[in-house]
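Close look at the chain arrangement
As a plain string of letters, each chain reads:
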Amino acid sequence: MKKGKMGFLTVTVLLAGALAGCGGQKNEVPEDTEAGAEEAFVYNPEFYSMDADVMQMEVLGDVVYYCTPEQKFYKMQMKEPYKRETIVLPVFDMDVESVQLQPMPDGSLDAIYRVWKEQAGTGAEASMETWLVNYDGDGTEVFRRDITEIIGLDGISTTVDGQGHLFFRTADNAVVTFDTDGTYKETIRADGIGALMESADGSVYGILYGEEAGYCNGILRKLSWDSGELGQEYTGVLAGNNVADDRENGCLLRFDGEIYRYDLKTQQNEAFLKLADCNITDGSVQQMEVLSDGRILVLLNDATGDGATLAVLTKTAEADLPDYQTVTLAALSASSNLMDAVARFNRQNKEYHIKLKEYYDPALDDSMGREGLEQAYTNLNLDMISGDCPDILNLDDDVIAEYAAKNIFLDLNDYLQKSELEILPNIADAYTFDGKLAALPTAVCIRTLVGRTEDFGNKDAITLSDMMGLPERYPGKKIFAAAPQKLLQYCLTFNQNTFVDFETGECNYNREEFYQILAFCRQFEGDTANNNTSVWGALSDGGDALLYEVQIDAADDVNLLMQILETDSGSCGGYPTLDGSAGHLIEAKDGAYAISAKSGHADAAWEFLESLIKGTGKNFNAEKRTAGFPVEKSALELYFELATENPFDDDDNRRYTLIDIGNILHYVPLPEEAEQIEKLIDSAVVTKGVDAQMSSIIEEETADYFNGQKSAGETAERINSRISIYLKENN
C-alpha cells in the first residue's frame with residue numbers, strides 16, 4: 001500500500017500572496033491569530049493506493065472493510081501504521097456472482113452472496129439467489145439464510161445499528177430488517193428511501209426522496225428497529241450523493257463537487273469543503289464515510305487501471321500548511337479528463353500545485369456560445385497581457401495558429417528533445433508554426449468522409465472530381481447527409497490554398513474551379529443536413545447515404561460504422577483533394593496545450609504536460625471510449641493493446657454489453673480494424689491557414705447564391721474582398 005501527502009484544502013479564506021512571476025503564486029502562512037480569535041483550520045488529504053479496484057467499502061469504528069471484484073476481502077486499521085490485513089473466509093459452496101460485506105459490532109462479519117442456482121431438468125436456465133451468511137471473528141460460518149424471496153436480487157446497500165441488527169435497502173427503496181441471528185423481522189416502506197446512515201449513537205436513519213420531500217431535497221428520519229416506524233422528520237436535506245454521519249450532530253452529503261454538512265438542530269445545509277481543493281474530482285468519487293474521530297474517507301476510482309485510491313481528510317491547523325508553488329492552467333471549459341489529471345498530478349507533487357482556471361461555462365451562456373465564447377477569449381487575452389497570465393493554456397485548434405503567430409508560446413521542441421516522449425511526427429508537424437512547436441494535444445480524433453467499399457473501392461483518398469461525379473454515377477441515390485453549405489466545407493477543407501495565397505493575403509475565388517464547386521453544391525439545395533458527426537449520426541440519418549462525415553475517436557468506431565452502413569468493408573476516403581492525396585483531418589480531443597512564454601514555472605508546466613501525455617494510453621476503458629487516440633507512440637500502442645483485448649473466453653463472442661441500438665453492438669476491435677485506424681492517424685493532418693472567421697465569411701456570402709439571389713461571380717467578388725481584408729489585418 002503506497003502512501004503520500006499530496007495537497008491541502010483550506011476551509012477558511014486566505015489572503016492571496018503577491019505574484020512572484022507570471023502564473024506563479026506561493027501560499028503564505030498568515031501571522032499568528034490574535035488572542036481570542038478562532039483558529040483557522042485546513043483539511044489535509046492523504047492518499048492511499050488500494051492496489052486493486054474496490055467494489056464496496058464499509059466502516060466500523062476506525063476499521064475499513066472492503067472487497068475487490070475478484071472477491072478478495074480486506075480490512076484496514078485507519079490509525080498509524082495503517083495496517084492492512086487479508087480477511088480469510090471459507091470458499092462459498094455455490095457459483096458466486098457477487099458478494100457484499102457488512103461488519104458487525106460484535107466482531108463478526110455478514111456477507112451477502114448473489115449466486116447462480118442450477119435448475120433441475122435438461123436445458124433449464126440457471127436462476128439467481130441471494131444468501132445472507134455470518135462469519136465469526138475467526139472466519140467460521142455461524143449461519144446462512146436464503147433471503148431471495150425477502151429482498152429479491154437487487155439489494156443495494158446495508159448498514160447495521162449499535163445492537164447488530166441488519167438494515168438492508170432494496171431496489172424498490174424499502175428497508176428490510178434482520179435480527180442478529182439472520183432471521184427476517186419486517187419490511188419498512190416509505191416514500192423513496194434513497195440512502196441509509198448509521199449515527200454515532202448506533203441509530204439508523206434513512207433519507208427519503210420523492211414527492212413528499214420535494215424531489216430536490218430529502219427528509220432524514222430515524223428507522224426504529226423495535227416498531228418499524230419512522231421517527232422525527234428533519235427536512236431540507238440536500239438530494240446529494242454519499243451520505244455519512246458527521247460524528248457530531250448531523251450528516252455529510254456530497255453534492256455537485258462539494259461536501260455539505262446538514263445540522264440536525266438547525267435543519268440547514270452548509271457548504272463544508274470543495275472536493276477540487278482536496279485534489280479530488282467529483283466524478284471519481286465512489287463512496288464517502290466518516291471515521292469515529294471525524295476524519296473523512298473518500299473512495300476514488302479514476303478509471304486509470306491503477307486501482308482505487310482512498311483519500312483520508314484530516315482536520316489540521318492552518319499553520320501547518322506547507323509552501324507550494326502554484327502553476328495556473330487556463331481552459332475555456334475543462335473536460336472531466338483534464339480535471340482528473342490535475343487532481344492526480346497535485347496528489348503526487350509536493351513542490352507544485354496546478355490551479356485550474358476556467359473562462360467559460362456553457363450552462364450560463366444564453367447566447368448559445370457566440371457572446372459567451374467571445375467574452376471568454378477577451379478575458380483570457382486580458383490575463384495573458386497582464387501580470388496574471390496563465391502558465392499553461394488549453395486551447396481549441398482554431399485559435400492556436402493565431403496565438404502562435406504572436407510568439408506568446410514557448411517552443412516545446414526544447415523540452416521534447418530532452419524527453420522520452422515520442423510524439424507521432426504528423427501530430428508534431430500539425431502544431432509546428434515557423435519551426436516552433438507551439439502546442440501539443442494529449443489525444444486526437446480523426447474527422448473524415450466514410451462510405452462503403454463496394455461503392456468507392458478500397459481507397460483512402462478521393463479527388464474533387466471524383467466527388468463531383470457521384471450524382472451522375474449514382475442517379476437517384478442519396479449521395480450525402482449534408483446540405484449545400486456543408487458540402488462546400490467538404491470541398492474546400494483541403495483546397496483553400498487553390499484560391500488563397502496565405503503569405504500575401506491575396507484571394508482569387510473568381511475562378512472556374514470555384515464556380516464549378518458552387519454549382520455542384522447548389523444541386524443539393526433542400527437536402528437536410530445531418531450535423532451529428534459521431535458514428536451514431538449515420539444511424540440517426542438512416543445509414544442510406546453514400547458518404548458520411550464522421551469523427552472517429554474510439555477503437556471500435558470502424559466496426560460500428562460497418563454495422564450502421566450494413567457493409568462488410570468500409571472506405572475512409574477522406575475529404576476531396578485536387579491531387580488525390582489523403583484528406584483526413586486531425587482534431588485535438590479536448591484541445592491542445594501550450595506553455596506561455598512569460599511563465600515563471602515553465603519546467604513545472606512541462607512536467608504536468610508530459611505526465612498528461614504519458615497517461616493517455618492506459619486511460620482506455622469501455623466507459624471512456626470516446627477519450628480519443630494518444631499522440632505519443634508508446635501510449636498509442638498501449639491504447640490499442642488494451643482496446644483489442646478480448647475479455648471473453650469464446651473468440652466468437654466479441655461483444656461489449658454497453659449499447660444495443662437498432663441491433664448495433666459494441667465489439668472488441670479486431671487487430672485489422674485497429675490497424676485501419678492507425679493508418680488514418682498516420683495520414684491525417686491539420687489544414688493550416690483556414691480559420692473559423694474565414695469559414696464564417698464564406699458561409700455568409702454563399703447563402704444568397706444558394707438561395708438564388710446572387711450569381712457565382714458576385715459571390716466570389718464578395719468573398720475575395722472580405723477575406724483579403726481579413727488576412728491583411730491579421731498578418
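Conventions and cut-offs
Residues numbered from 1 in each chain as written. Predicted model: local features only at pLDDT ≥ 70, side-chain atom pairs only at ≥ 80, totals over all residues. Heavy atoms only, no water. Core = buried A, V, L, I, M, F, W, Y, C linked by side-chain atoms within 4.5 Å. Buried < 20%, exposed > 50% of the residue type's maximum accessible area, 1.4 Å probe, protein only. Helix = DSSP H or I, 4+ residues; strand = E, 2+ residues; numbered from the N terminus. Contact = heavy atoms within 4.5 Å. Patch = residues over 30% accessible without salt bridge, like charges linked within 9 Å, V, L, I, M, F, W, Y side chains within 5 Å. Areas by Shrake-Rupley, 256 points an atom, 1.4 Å probe, with all protein chains shown as cover. Salt bridge = Lys/Arg side-chain N within 4 Å of Asp/Glu carboxyl O. Lys, Arg positive; Asp, Glu negative; His and termini not counted. Charge placed at Lys NZ, Arg CZ, Asp CG, Glu CD. Arc of directions from axis to C-beta. Polar contact = N/O pair within 3.5 Å; in protein donor to acceptor, adjacent residues only side chain to side chain. Pairing = 2+ DSSP bridges. Axes fitted to C-alpha atoms, helices over the stretch in contact; angles between N-to-C directions. pLDDT = per-residue confidence, 0-100.

1. Quick notes on the nonpolar core
Formed by 82 residues in total, the largest nonpolar core has its most connected members in Leu338, Leu380, Phe409, Ile423, Tyr431, Phe608 and Phe640. Residue contributions to this core peak at 8 residues, all from helix α14 (residues 602–614). When residues no more than four places from it in sequence are discounted, the contact partners of Phe409 are Leu393, Leu395, Ile400, Tyr403, Ala404, Ala438, Ala594, Ile595 and Ala597. Formed by 41 residues, the second largest nonpolar core is a distinct cluster that contains Leu470, Ala482, Phe524 and Phe706.

2. Quick word on unusual backbone geometry
One non-glycine residue with positive phi stands out, namely Asp51, at about 60°. Inspection of the secondary structure puts Asp51 in the loop between β4 (41–49) and β5 (56–60). In this structure, Gln267 is a non-glycine residue whose phi angle is positive, near 55°. Looking at the secondary structure, you find Gln267 in the loop between β23 (258–263) and β24 (268–274).

3. A short note on helix α10 (residues 484–492)
α10 sits mainly inside the fold: 7 of its 9 residues count as buried. Regarding α10, the residues found buried are Pro484, Lys486, Leu487, Leu488, Tyr490, Cys491 and Leu492.

4. Details of a negative patch on the surface
On the surface, a cluster of negative charge is contributed by Glu637, Glu641, Glu645, Glu678 and Asp682. For the negative patch, the elements supplying multiple residues, two or more each, are α15 (633–643) and α16 (671–683). Secondary-structure assignment places Glu645 in the loop between α15 and β42 (655–661). A relative accessible area of 45% means that Glu645 is categorised as partly exposed.

5. Some points on helix α4 (residues 397–405)
Those residues of α4 that sit buried are Val399, Ile400, Tyr403 and Ala404. Here the buried residues of α4 occupy an arc of 140° about the axis, which is enough to place them on one side. Just beyond α4, the residue with positive phi is Asn407, at close to 55°.

6. Topic: the environment of Glu454
Its place among the elements puts Glu454 in helix α7 (residues 453–456). Along the chain, Glu454 and Asp568 lie 114 residues apart, while their C-alpha atoms are 9.3 Å from each other. A distance of 2.9 Å separates a polar atom in the side chain of Glu454 from a polar atom in the side chain of Thr567.

7. Comments concerning the sheet that holds strand β18 (residues 204–208)
With antiparallel pairing, 4 strands are arranged side by side in an open sheet as β17-β18-β19-β20. Edge strands, defined here as strands with exactly one partner in the open sheet, are β17 (193–198) and β20 (230–238). On average, each strand axis in the sheet is tilted by 25° relative to the strand beside it, whichever way the strands run. As defined by bridge partners, β17 adjoins β18 across 5 bridges and the pair is classed as antiparallel. Within β18, the residue paired with Met197 across the bridge is Tyr205.

8. Observations concerning the confidence of the model for the protein
Atomic detail in the predicted coordinates should be set aside for any region of low pLDDT. When pLDDT is averaged across the protein, the result is 82; 84% of the residues are at 70 or more. Across residues 1–37, confidence stays below pLDDT 50; counting only partners more than four residues off in sequence or on other chains, it has 96 contacts.

9. Comments concerning the pattern of salt bridges
For the coordinates displayed, the defined rule picks out 26 salt bridges. When the shortest N-O distance is used, the salt bridge between Glu549 and Lys486 registers 3.8 Å. Residue Glu549 is found in strand β37 (residues 548–552), and its partner Lys486 is found in helix α10; the two are separated by 63 residues along the sequence. The same class applies to Glu549 and to Lys486, which are both buried. A salt bridge links Arg511 to Glu513; its shortest N-O distance comes to 3.0 Å. Overall, Arg511 belongs to the partly exposed group, its relative accessible area being 25%. Its relative accessible area of 35% is what places Glu513 among the partly exposed residues. Beyond isolated ion pairs, a larger network of salt bridges with shared partners links Asp246, Glu248, Arg261 and Asp263.

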